[in-house]
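Residue-level listing of the chains:
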Amino acid sequence: MTVLFNILFLLGFLTNNAFGGDEPLVGMKQILTEVFSNNTEIKSLSARHRSSLAKSRSVAYLPDPILGGNYFLKPIETKVGSQRANITLTQPIPWPAKLSTKEEQIKKRADSLKSKLEALKLRVSYQVKKLFFKGFLIQKRIEIIETNKLFLASLTKLALARVKVGKSGQQD
């Protein structure tokens with residue numbers, strides 16, 4: 001929460017209102033983009049989602065073939081004669097539909113990560129907007145207080161002037 005407040009503070013609730021206008025200098029979209037790009041939880045979930053999608057693409061194919069070789073110090077006698085070395089090449093073939101079910105499983109996991117990411121973005125967006133509008137409300141309250149101070153100062157000057165001239169009593 002303090003990180004969000006710091007980001008909002010650094011971006012500054014800058015509005016032209018402080019300089020005479022009503023349009024914000026820093027828009028809500030810019031603030032949200034900045035917060036989303038700097039939030040570690042969002043970065044982490046996004047990376048996990050991307051890796052899950054990449055994994056789902058690679059699971060759909062047959063596993064890599066295995067190449068092996070042996071060299072015997074003493075020759076081995078087999079049916080076909082003595083053997084000093086052998087080379088093996090194997091290709092694991094999974095049960096039918098196993099590859100597609102693995103791919104579906106990983107895609108479902110990626111979908112769940114995507115929904116978690118969207119939920120996190122909505123939660124962070126809510127917090128940022130809440131802080132932004134809380135700051136905007138504080139800024140407007142400060143402006144109203146400043147306006148009231150000016151109004152009260154002018155009323156005080158007016159009352160003092162009336163007392164000096166003698167048109168008013170002490171109660172004014």
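Refer to the structure above for everything that follows.
Right, let's walk through the structure included here. Here the structure is a predicted model, which is why all the values come from computation and not from measurement. (Residues numbered from 1 in each chain as written. Predicted model: local features only at pLDDT ≥ 70, side-chain atom pairs only at ≥ 80, totals over all residues. Heavy atoms only, no water.)

**Topic: the pattern of salt bridges**
Selection criterion: The salt bridge criterion pairs a side-chain nitrogen of Lys or Arg with a carboxyl oxygen of Asp or Glu, the two atoms within 4 Å. A run of H or I in DSSP becomes a helix once it reaches four residues, and a run of E becomes a strand once it reaches two; helices and strands are each numbered from the N terminus.
Evaluation of the coordinates by the stated rule reveals three salt bridges. Here K107 and E103 are joined by a salt bridge, their closest N and O atoms 3.5 Å apart. Of this pair, K107 and E103 are both found in helix α4 (residues 98-165), four residues apart, which corresponds to roughly one turn of the helix. Residue E143 pairs with K140 through a salt bridge whose shortest N-O separation is 3.6 Å. Here E143 pairs with K140, and both are found in helix α4, just three residues apart, close to one helical turn.

**Digging into the pairing of strand β1 (residues 66-78)**
One face of the sheet, then the other: side chains in a regular strand alternate in exactly this way. Spelled out, the test is: In this analysis, strands are considered paired if DSSP registers two or more bridges between them.
As defined by bridge partners, β1 adjoins strand β2 (residues 81-90) across nine bridges and the pair is classed as antiparallel. Residue pairing for β2: L67 is matched across the bridge by L89. Hairpin connection from β1 to β2: two residues lie between these consecutive antiparallel strands.

**So, a positive patch on the surface**
The condition that has to hold: Like-charged residues are merged into a patch within 9 Å and nonpolar side chains (Val, Leu, Ile, Met, Phe, Trp, Tyr) within 5 Å, provided each residue has over 30% relative accessible area and no salt bridge. To be clear on the numbers: accessible area is Shrake-Rupley with a 1.4 Å probe, and residue cover counts the displayed protein chains and nothing else. In this tally, Lys and Arg are treated as positive and Asp and Glu as negative; His is ignored, and so are the chain termini. For this purpose, a charge sits on NZ of Lys, CZ of Arg, CG of Asp or CD of Glu. We call a residue buried when its accessible area falls under 20% of the maximum for its residue type, exposed when it is over 50%, and partly exposed in between, using a 1.4 Å probe and counting protein chains only.
Where like charges cluster on the molecular surface, the positive patch consists of K55, K98, K102 and R109. Per element, the largest residue contribution to the positive patch is three residues, and it comes from α4. Tracing the chain through its elements places K98 in helix α4. Given the relative accessible area of 42%, K98 is considered partly exposed.

**As for the nonpolar core**
Filter applied, for reference: Nonpolar cores are built from buried Ala, Val, Leu, Ile, Met, Phe, Trp, Tyr and Cys residues. Side-chain atoms within 4.5 Å join them into one set.
The biggest cluster of nonpolar side chains holds 12 residues, and these are M28, I31, L32, V35, I42, L45, L113, L117, L120, V124, V128 and F132. Of all the elements in the fold, those that place two or more residues in this core are α2 (28-38), α3 (40-59) and α4. Ranked by residues supplied to this core, first place goes to α4 with six residues.

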